[in-house]
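Now for the letters of each chain:
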Amino acid sequence: DLYVRPYLGTRRLDQIKPIHLETWISQLLDKGLSPRTARLAFGLVSDALDHALRMGTVARNAAKSVKPPKQVRSEMNALDADEVQALLKTLKGSKHELLLRLLLYTGLRPSEALGLKWGDIDLATGSIAVQRSLTWTKEGWSLGDTKTASARRSIPISPWIVDLLIQHRRLQSTRRMKIADIWLDHDLVFTDEIGGPLRPANVLKRHLRPALRKAGLQDNLRLYDLRHTCATLMLSKGLNPKIAAERLGHSTVRMTLDTYSHVTPTMQEEASAKLDAILGDQ
């Protein structure tokens with residue numbers, strides 16, 4: 001309705017040519033849409049034309065002759081081990097300490113962490129089942145499936161995380177009983193003052209960035225960079241990339257290594273040093 005119909009909706013499927021699609025993409029980008037959004041819209045049209053081709057409505061898929069806009073990766077920032085320790089000190093006892101520590105510890109996407117329900121957490125065995133994500137739009141919020149099938153995963157958690165979750169649940173239960181008449185019972189683990197879902201932007205601006213400044217660290221990090229920090233720490237400490245990929249919910253190990261290629265040179269140096277110790281001149 002926003003990005004396809006106003007531009008291509010007046011054309012019959014069999015009249016859509018590659019030049020029309022290229023012009024449409026340029027219009028989207030000129031309008032200020034991100035390359036990622038334009039790629040998603042392009043993918044939708046390409047899938048529709050593929051379906052029309054299978055149904056015999058068109059002779060060919062014009063989208064196959066068009067290159068979608070290149071997606072520009074956001075700059076990745078990650079904290080090192082000392083910086084994480086400094087941040088954790090400033091978070092101690094703060095309102096969203098548990099949420100931010102969980103992002104660092106599990107590598108969850110912020111949308112996955114904010115979409116967690118108490119039914120997803122097994123406090124007895126110490127595990128979190130990641131099976132949905134929370135999305136905010138102009139119309140409001142919604143809970144949906146995870147980004148991909150591989151993103152549905154189970155993550156074991158340590159006893160200290162379990163203890164923090166138990167404390168958090170007790171505090172939440174106490175507050176819920178005090179304001180039972182207005183509490184919004186969505187069973188969410190992380191909520192606002194009346195049980196509604198948290199807005200990532202508010203957590204970032206009001207809690208994470210002030211904590212970073214207090215710790216004397218760069219304050220341009222995003223919530224997503226806590227996930228990057230988790231991944232970077234795992235790989236830099238020599239964790240098997242396959243295990244890291246499973247924890248992060250990546251579909252392949254290659255995706256993990258490509259995304260965090262900045263860590264691999266150090267890993268190669270460490271591998272060489274270990275091999276030298278075994279095979280070098282004695």
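Thresholds, definitions, all that
Residues numbered from 1 in each chain as written. Predicted model: local features only at pLDDT ≥ 70, side-chain atom pairs only at ≥ 80, totals over all residues. Heavy atoms only, no water. Helix = DSSP H or I, 4+ residues; strand = E, 2+ residues; numbered from the N terminus. Contact = heavy atoms within 4.5 Å. Areas by Shrake-Rupley, 256 points an atom, 1.4 Å probe, with all protein chains shown as cover. Lys, Arg positive; Asp, Glu negative; His and termini not counted. Charge placed at Lys NZ, Arg CZ, Asp CG, Glu CD. Core = buried A, V, L, I, M, F, W, Y, C linked by side-chain atoms within 4.5 Å. Buried < 20%, exposed > 50% of the residue type's maximum accessible area, 1.4 Å probe, protein only. Axes fitted to C-alpha atoms, helices over the stretch in contact; angles between N-to-C directions. Parallel < 35°, antiparallel > 145°, perpendicular 65-115°, else oblique. Left-handed = near helix turned anticlockwise from the far one by under 90°.

A. Just the overall build of the chain, in detail. Within the chain, the secondary structure is distributed over 12 helices and 5 strands. For the chain, the C-alpha atoms occupy an extent of roughly 75 × 60 × 35 Å along the three principal directions. Within the chain, counting contacts between residues at least 6 apart in sequence, those at least 24 apart form 58% of the total. For the chain, the computed accessible surface area is about 16,700 Å², with 52% contributed by carbon and sulfur atoms. Each charge class in the chain can be summarised by its mean position, and for the 42 positive and 30 negative side chains these summaries are 5 Å apart.

B. Representation of the nonpolar core in the model. Leu87 and Phe190 are the most contacted members of the largest nonpolar core, which totals 37 residues. Elements with a contribution of two residues or more to this core: α4 (81–91), α5 (97–106), α6 (110–114), β2 (127–130), α7 (159–178) and α8 (200–214). Excluding anything up to four places from it in sequence, phenylalanine 190 contacts Leu98, Leu99, Leu102, Ala113, Leu114, Leu116, His168, Gly196, Pro197 and Leu198. The next biggest cluster of nonpolar side chains, apart from the first, holds 15 residues, and it includes Trp24, Ala41, Phe42 and Ala63.

C. Here's a closer look at the packing of α4 against α8. Where α4 contacts α8, the two axes come as close as 9 Å, and the packing angle between them is 115°. With respect to each other, α4 and α8 are oriented roughly perpendicular. In this structure, α4 meets α8 at a crossing whose hand is right-handed. Two secondary-structure elements touch here, α4 through Leu87, Thr90 and Leu91 and α8 through Leu208, Ala211, Leu212 and Lys214.

Interpretation note: all reported values are geometric properties and have no functional meaning in isolation.
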